[in-house]
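Listed below are the residues making up each chain.
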Amino acid sequence: MATLRNKFVPLGAAVAALALLSSLAPAPRVVHAQAAPTATAAPAAATPVNSCLDCHSSLPEPYGVTQDKFSQDIHSQKGLTCTSCHGGDNTSYDPTVAMSPAKGWKNFKDRKSIPQMCGSCHGNPTFMKQYDPGLRTDQLAQYHTSVHGKRLAAGDTKVAVCIDCHSVHDIRPPSDPHSTVYPLNIATTCSRCHSDAAYMKDYKIPTNQFANYNTSVHHDAMVNHGDLSAPTCTTCHGNHGAAPPGVDKVENVCANCHVFQAQMYEKSTHNKAFADRGLPGCVVCHSNHGIHMPSDAMLGTGPEGVCMRCHAPGDHCDRARVRIQNGLSQLDDSITAADKELRLAEDSGMEVSEARLAQDQAKDSLTKARVTIHSYQAALVENDIAAGMKIANKDLQAGKDAMVERDHRRIGLGISIFAIVIVLVGFWLYIRNKHY
Amino acid sequence: MSVFTAIYRWIDDRLHLDDILEFLRHKVVPIHSLSYWYFFGGMTLLLFIIQVITGILLLLYYHAGASEAFESVQYIMTQVQFGWLIRSIHSWSANLMILTAFAHMFSVVFLKAYRKPREMTWVSGMLLLFLVMGFGFSGYLLPWNTLAFFATKVGTEMAGQVPIVGHPLMVFLRGGDEVTGATLTRFFGFHVAVLPGIVTVLIAIHLFLVLRQGMSVPPKVELEWEAHPESRKEMRFFPNFALRETMAWYVVIGILGALAAIFPWNLGVKADPFISAPAGIKPEWYFLFMFQTLKLIPSKVWFIDGEVLGILGCSLVALLWTLLPFFEGDKPSNTKRWITGVSIFALFYMIGMTIYGYLAK
């Protein structure tokens, strides 16, 4: 019996699949023929599942929405249908009934109504809780505070509304890699407007942010190293409440991640000096969208140097700059030299793992010194450098000692081998002489 | 009368040393074109003695325990005077001992020295080879580094595949279901107490049999000597052969010292049971041919699990190999050629699989 039943399982599944496919397959032409008679006369099987998709799947953009596209939409997956947003009656194939204003149908040609429509659910905690209790419901309130929201309220319909960033009819959750607001895709989504010089012409703001961002250390971390927590546009500007951080708030934005640098900068002389001159904190040295990996060359006088853009050669600050730069360079060189010596010792089979471990502390000191630069106090930076130098010099010495030890071993081996050869020759002569 | 002569006389009065020396004076070693293969047994014995001495020295500082084993070996290598040399010699000597044991075994096979009346010598030698590999397996874990940890995990898992007794055996070896500090303590016990005790007894039996029965000669040489007794060549064991063996020992000590000084044995990174196994992890070279064989067997052969089949197959081959003398002809004139063929195949298979195992990813 079991065998017989098993044989019927695939057959049953095939029948069920065919039935399901039949129910999902869009067949507008046939459906329209069936829809022509009055609704009461139509057989129960002809009642459409979703008359909107049956028709709109064969329409061109911007009215075309296929079943395949809509099935990707998180709203569709959660059981919402076209009428959930557009109203109307999706059980009728009669356009005048299906899209009847009397049945609440709306077309959203007025872009200003879109945030309100989305917000009617997404701003309602009670409603949203049934889908995801953790989901925020302040998007609309935030949007009203954004540059986009304020301009829309003022009548500028070119600005972004919900569907410009989240797309429409195939809205995916931000965790979906195909979503337009997935961390890796956010910069591209923003750039669709902000890199379009013609579109942005009236706003008189630069359109090179995306190009600059693509050269930045943040982009490198995000795209090349797959760090999805790395900053993208919305990390600094906000998403629904998107706005420029403002000159006086830049360091607060950077401080979200770069905590220690911000704490030191807060207490530094530069904080007041920049504020007095209306300079945007961190951006003065590091720029904004095109932030490159900082290097010690930023302290130098070459093309990457930033200090001498403001300071005069030979002044108190320039002398401090030289001390810091030399100290960092010295520590970096010492760590590299110790690394090289230890590697040589390791390649010779010497056990230097303790010194190797200590090298991490020396590197930590170098990193700490580079962070302490934001205090702009040479003495504090030199403290960190001195701590690192002490460790690096000790490690270098450990490497050198290991190499001396290796040479001693080889000399000892040479003497031993010589002694063994002498003994072997002695044995050989003894055996030969004694005819053993 | 010198002091030494007086002491000798004193001992001789009680133990009759002259009888033993008389036995040694009359003991002879055959001379033929393949006599140099006789040295490998002695070399293996020398390396075992070195293992015992260096092992005892390591015991002075080694601590068996998951939290201190690695650190104690690190201490031996960095802080203890000549600790690096002792540990490196111990590790290199272990590997050379297995190498010379294999060379000794194959020399015995190809010279057909296992034939009657030396069946017991062969069986005791094979048991010694298995125990020496057991030394290698148990000693490998003792530094408690990453490679050792995962090699032990894989090795004991393989033991666990044996039908019926596999799981209890694995739990017995590990001291639980996982490789932990309990496994290390157990392996330490096997390595320094259980195995040395058994091996010492077996070596004594093996040497007694060799001394009692004398050295075998290849069948061809034996037949020739039987036909032409005047062509028989022999040398005295003492001092002639002993002097030559001593020379071989000196060469081994030289090689061992050179390896230990130029390529000190790496300590690796301390084992962390919570990390995943390093990619492409492989056992020590002497287990590699078996490991590679098991890898090549499909996961299912008919209805039998591939790994189980492989382990049972290897065990069966090892058993048949141990019983090799019992398949051989009694007389030098009727030795089995197929055994030589199988032996050549076995040698090339082991070498080939070992190289393949090294090159395979």
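As shown above, the structure is provided for reference.
Notes on the structure follow. Please read these numbers as outputs of a predicted model, since none were measured by experiment. (Residues numbered from 1 in each chain as written. Chains lettered and ligands numbered in written order. Predicted model: local features only at pLDDT ≥ 70, side-chain atom pairs only at ≥ 80, totals over all residues. Heavy atoms only, no water.)

Some remarks on the overall build of chain B
Counting its regular elements, chain B contains 14 helices and 4 strands. Relative to its full complement of 361 residues, chain B shows a buried share of 45%. If you take every contact in chain B between residues at least 6 apart in sequence, the share linking residues at least 24 apart comes to 76%. Within the structure as shown, chain B displays about 19300 Å² of accessible surface, and the carbon and sulfur contribution to it stands at 71%. (Helix = DSSP H or I, 4+ residues; strand = E, 2+ residues; numbered from the N terminus. Buried < 20%, exposed > 50% of the residue type's maximum accessible area, 1.4 Å probe, protein only. Contact = heavy atoms within 4.5 Å. Areas by Shrake-Rupley, 256 points an atom, 1.4 Å probe, with all protein chains shown as cover.)

Points about the nonpolar core
Generally speaking, a soluble globular protein has its nonpolar side chains buried in company with each other. In this structure, Tyr-62, Phe-102, Met-105, Trp-122, Trp-144 and Trp-321 of chain B are the most contacted members of the largest nonpolar core, which totals 76 residues. Counting residues per element, this core draws most heavily on helix 5 (residues 83-110) of chain B, which supplies 12 residues. Excluding its chain neighbours within four sequence positions, the residues that come into contact with Trp-144 of chain B are Ala-66, Ala-69, Phe-70, Phe-149, Val-179, Thr-180, Gly-181, Leu-184, Lys-270 and Ala-271 of chain B. Among the nonpolar cores identified, the runner-up in size contains 17 residues, and Ala-320, Ile-324, Ile-373 and Met-389 of chain A belong to it. (Core = buried A, V, L, I, M, F, W, Y, C linked by side-chain atoms within 4.5 Å.)

Regarding helix 10 (residues 219-227) of chain B
All names here are of chain B. Taken together, the buried positions of helix 10 are Pro-219, Val-221 and Trp-225. Down the axis, helix 10 shows its buried residues gathered within 160° of arc, on one side only. Opposite the buried face of helix 10, by more than 90 degrees, sit the exposed residues Lys-220, Glu-226 and Ala-227. As for helix 10, its buried residues are in contact with strand 1 (28-30). (Arc of directions from axis to C-beta.)

Concerning unusual backbone geometry
Geometrically, the link from Glu-61 of chain A to Pro-62 of chain A is a cis peptide bond, its omega value of 0° lying close to zero. By the secondary structure assignment, Pro-62 of chain A is in the loop between helix 3 (51-56) and helix 4 (67-71). At the junction of Phe-238 of chain B and Pro-239 of chain B, the peptide bond is cis and its omega measures out at 10° in the coordinates. If you trace the backbone, Pro-239 of chain B turns up in helix 11 (residues 237-262). One non-glycine residue with positive phi stands out, namely His-169 of chain A, at about 70°. Inspection of the secondary structure assignment puts His-169 of chain A in the loop between helix 12 (162-166) and helix 13 (183-194). Among the residues examined, His-169 of chain A registers a relative accessible area of 22% and is labelled partly exposed.

Focus on the interface of chain A and chain B
Chain A puts 18 residues into the contact, and the matching count from chain B is 21 residues. Taking both sides of the interface into account, the surface hidden between chain A and chain B amounts to around 1800 Å²; carbon and sulfur atoms contribute 71%. Taken together, chain A and chain B are joined by 0 salt bridges. The interface formed by chain A and chain B holds 3 residue pairs in polar contact (both at pLDDT 80 or more) in total. Going through the elements one at a time, helix 23 (353-372) and helix 24 (378-434) of chain A are the ones with two or more residues in the side of chain A that touches chain B. Per element, the largest residue contribution to the side of chain A that touches chain B is 12 residues, and it comes from helix 24 of chain A. Here the residues of the side of chain A that touches chain B sort into 10 nonpolar, 3 polar and 5 charged. (Buried area = accessible area lost by both parts, 1.4 Å probe. Salt bridge = Lys/Arg side-chain N within 4 Å of Asp/Glu carboxyl O. Polar contact = N/O pair within 3.5 Å; in protein donor to acceptor, adjacent residues only side chain to side chain. Nonpolar A, V, L, I, M, F, W, Y, C, P; charged D, E, K, R; others polar.)

With respect to the packing of helix 4 (residues 69-78) of chain B against helix 5 of chain B
Residues and elements named next belong to chain B. Axis separation between helix 4 and helix 5 bottoms out at 5 Å; the angle between their running directions is 115°. Counted together, Val-73, Ile-76 and Met-77 of helix 4 and Gly-83, Trp-84 and Arg-87 of helix 5 form the full contact between these two elements. In terms of residue class, the contact of helix 4 with helix 5 is built from 4 nonpolar, 1 polar and 1 charged. (Axes fitted to C-alpha atoms, helices over the stretch in contact; angles between N-to-C directions.)

Here we look at the packing of helix 3 (residues 39-59) of chain B against helix 5 of chain B
All names here are of chain B. Interhelical geometry of helix 3 versus helix 5 gives an angle of 155° and a closest axis separation of 8 Å. Relative to helix 5, helix 3 is oriented roughly antiparallel. Here helix 3 runs over helix 5; the crossing is left-handed. In this structure, helix 3 contributes Phe-40, Gly-41, Met-43, Thr-44, Leu-47, Phe-48, Ile-50, Gln-51, Thr-54, Gly-55, Leu-57 and Leu-58 to the contact, and helix 5 contributes Ile-86, Arg-87, Ile-89, His-90, Ser-93, Ala-94, Leu-96, Met-97, Thr-100, Ala-101, Ala-103 and His-104. In terms of residue class, the contact of helix 3 with helix 5 is made up of 14 nonpolar, 9 polar and 1 charged. (Parallel < 35°, antiparallel > 145°, perpendicular 65-115°, else oblique. Left-handed = near helix turned anticlockwise from the far one by under 90°.)

Quick word on the pattern of salt bridges
Pairing between side chains becomes possible if they bear opposite charge and their charged atoms approach one another. Applying the stated criterion across every chain, the model contains 23 salt bridges over all chains. As a salt-bridge pair, Arg-321 of chain A and Asp-318 of chain A come within 2.7 Å of each other at their nearest N and O atoms. Taken together, the residues Arg-321 of chain A and Asp-318 of chain A, both in helix 22 (residues 316-347) and 3 residues apart, mark about one turn of the helix. Judged by relative accessible area, Arg-321 of chain A falls into the buried class, the value being 9%. Residue classification places Asp-318 of chain A among the buried residues on the basis of a relative accessible area of 9%. Put simply, Glu-157 of chain B and Arg-174 of chain B hold a salt bridge, and the shortest N to O gap is 3.9 Å. With Glu-157 of chain B in helix 7 (residues 146-159) and Arg-174 of chain B in helix 8 (residues 166-174), this pair connects stretches of sequence that are 17 residues apart. Overall, the relative accessible area of 38% leaves Glu-157 of chain B in the partly exposed class. The exposure class assigned to Arg-174 of chain B is buried, which follows from its relative accessible area of 2%. Salt bridges sharing partners connect three or more residues here, namely Asp-339, Glu-346, Arg-356 and Lys-363 of chain A.

That is the geometry; function is a separate question.
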